[in-house]
Amino acid sequence: MKQAAIVLLTALGCFSAQAENIAIIGGYVHTMSEQGSVEKGTVLIKDGRVESVSEQLDAPQGYRVIDATDKIVTPGLIGAYTSLGLVEVGMSAGTVDASAKSEDYSPYGAALDVSYAFNPDSTLIPVSRIEGFTVTASGMSGTHSLFGGQGGVFSLGDDNNLVKRSAFMTLAVDNGGADDNGGSRAALWPKLENALAEAMSLQGNVLAPKDEWHGKLSKEDVNALLPVVSGEMPLFIDARRKADILQVIALKQRHPQLKLALLYATEAWRVADAIAQAQIPVVLDPEANLPGSFDQLGATMANAGRLDAAGVSVSIGMDTHNLRLATQHAGNAVANGLPWQQGLAALTINTARLLGIEQEYGSLESGKVADVVIWSGDPLQVMEAPEQVIIRGQEIRLESRQTKLRDRYLTLSQDKPQGYIRP
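Rules and cut-offs
Residues numbered from 1 in each chain as written. Predicted model: local features only at pLDDT ≥ 70, side-chain atom pairs only at ≥ 80, totals over all residues. Heavy atoms only, no water. 1 Å grid on protein atoms, 1.4 Å probe; cavity = no way out; pocket = protein on both sides within 12 Å on 5 of 7 lines; lining within 4 Å. Points joined across faces, edges and corners; volume = space filled by probe spheres on them. Helix = DSSP H or I, 4+ residues; strand = E, 2+ residues; numbered from the N terminus. Nonpolar A, V, L, I, M, F, W, Y, C, P; charged D, E, K, R; others polar. Pairing = 2+ DSSP bridges. Axes fitted to C-alpha atoms, helices over the stretch in contact; angles between N-to-C directions. Contact = heavy atoms within 4.5 Å. Parallel < 35°, antiparallel > 145°, perpendicular 65-115°, else oblique. Left-handed = near helix turned anticlockwise from the far one by under 90°. Buried < 20%, exposed > 50% of the residue type's maximum accessible area, 1.4 Å probe, protein only.

Per an unreviewed UniProt entry, the recorded name for the protein is Amidohydrolase, and the organism is Lacimicrobium alkaliphilum.

**Student:** Report on the layout of surface pockets, specifying residues and quantitative values.
**Tutor:** Roughly 390 Å³ of volume is contained in the second largest pocket. Lining the second largest pocket are 23 residues, with S141, G142, T143, A172 and D180 sitting closest to its centre. Contributing elements (two or more residues each) for the lining of the second largest pocket: β8 (147-155), β9 (162-172), α3 (175-180) and β11 (260-264). Across the lining of the second largest pocket, the residue classes tally to eight nonpolar, ten polar and five charged.

**Student:** So, the sheet that holds β9: which residues are in play, and what are the values?
**Tutor:** Taken in spatial order, the eight strands line up as β6-β7-β8-β9-β10-β11-β12-β13 in an open sheet, and their pairing is mixed. The sheet is open, and its two edges are formed by β6 (77-82) and β13 (314-316), each paired on a single side. Pairwise comparison of adjacent strand axes, ignoring direction, gives a mean angle of 25° for this sheet. Inspection of the sheet shows β6 paired to strand β7 (residues 133-138) by four bridges, in the parallel sense. Its bridge partner being in β7, T82 is matched across the sheet by S138. Strands β11, β12 (282-284) and β13 of the sheet are contacted by helix α8 (residues 303-310), whose axis makes an angle of about 160° with β12.

**Student:** With reference to specific residues and values, describe the packing of helix α4 (residues 185-201) against helix α6 (residues 242-254).
**Tutor:** At a closest axis distance of 13 Å, the pairing of α4 and α6 adopts a crossing angle of 20°. By the angle between their axes, α4 is roughly parallel relative to α6. For α4 against α6, the interelement crossing comes out right-handed. Of the residues in α6, those touching α4 at R185, W189, L192, E193 and L196 are D244, Q247, V248, L251 and R254. Of the residues that constitute the contact of α4 with α6, the class distribution is five nonpolar, one polar and four charged.

**Student:** I'd like a rundown of helix α9 (residues 326-335), residues and numbers included.
**Tutor:** Turning to α9, its buried residues number three or more, namely A326, T327, H329, A330, G331 and A333. In this structure, the buried residues of α9 make contact with β6, β7, α8, β13, α10 (340-345) and β14 (372-375).

**Student:** Now, about the pairing of strand β15 (residues 386-391): what can you tell me, with residues and values included?
**Tutor:** Note on strand geometry: in a regular strand, side chains alternate between the two faces of the sheet. When you tally the buried positions in β15, you get five out of six residues, the bulk of the element. In this sheet, β15 lies alongside β14 in antiparallel orientation, the contact comprising four bridges. Opposite W375, over in β15, you have P386 as the bridge partner. Here β15 runs beside strand β16 (residues 394-395); their pairing, made up of two bridges, is antiparallel. Bridge assignment links I391 to a residue of β16, and that residue is Q394. What sits between the antiparallel neighbours β15 and β16 is a turn of two residues, in which R392 has the positive phi angle 55°.

The structure is reproduced here in structure tokens:
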């Protein structure tokens, strides 16, 4: 945890000197903080951080003014659970860093660490950030082991991307997880309990290479689980059907120190009150609406709204690289019962709290990192889009591989073939 904090502070210290002072004036500002929304507000940005949000309409001297009249201003959006930066083409015959084979070093998958695999040059990052996303939580999608490795939090700025190493551990107890761990939940859950027991037996002491160890887990895997069993690192559990979700709640009751979150939670609405009482947040793909498997016979697009009504904290994400679609998913959740403000919270402050980065990200408050988006209109409407995106106090170019291709063929050069024009 200490190491993660050092990485965070180091990363933040590197960008502040490069940022300019900016005054965003006249927009409808959704701060996502206790300050609420400010009509015709002014957001001041200084040294890469939010200086203030107020109703004043004057810009201090030395600030570049951005006129946001009739625009919507929000914090930068956060992808709650994606594989962004780990996947370029999912079906590629080459290396896909979101998946790994089980091997001697980490047969249980706990020691796998995506912070070594994140590629900041992925062409999918510009695609995501021109849709308003400035931070992503990226994790592995397939290890065929008990655990899915340690996920990380990454900025989508141009450099110093690592925000938080080892931000969460993943685990699947759905049909897929059972198939990978003995072919049955009857094998998976005892295996999980044994893994947790072995980690707890160390009482926080990290095993050194010279230490004697007779557990079933490798030293690397059991060491990686120490922050999980102490509650420092959240454990994200993919559980879709009602019975699996109830097992997760029972796990929390047996080990109250564990910090759990539910992934997918397709039938969570059936036990919403129990999830709320256990104070377990959920990360949803709110588009699940069909009984595509025996894991989700109760799938409904009303899931997010019903969970929110019960008092469950909802975030929106999906374990693909298509983070750009999350605003559309949030909009559909709103159309099916989730309050609009909670739809935006599911992409901002709720997710920041889930990842333990709420002191720096997720809302527009004095002192927080200046990740700000200026929208043409409602961010949850597919016909609206970001007009300006600021990451760590720096305005980025709204450009991606797709926009370059569009522009290349939008204006054809008549004096030479298109093949000679470099995008």
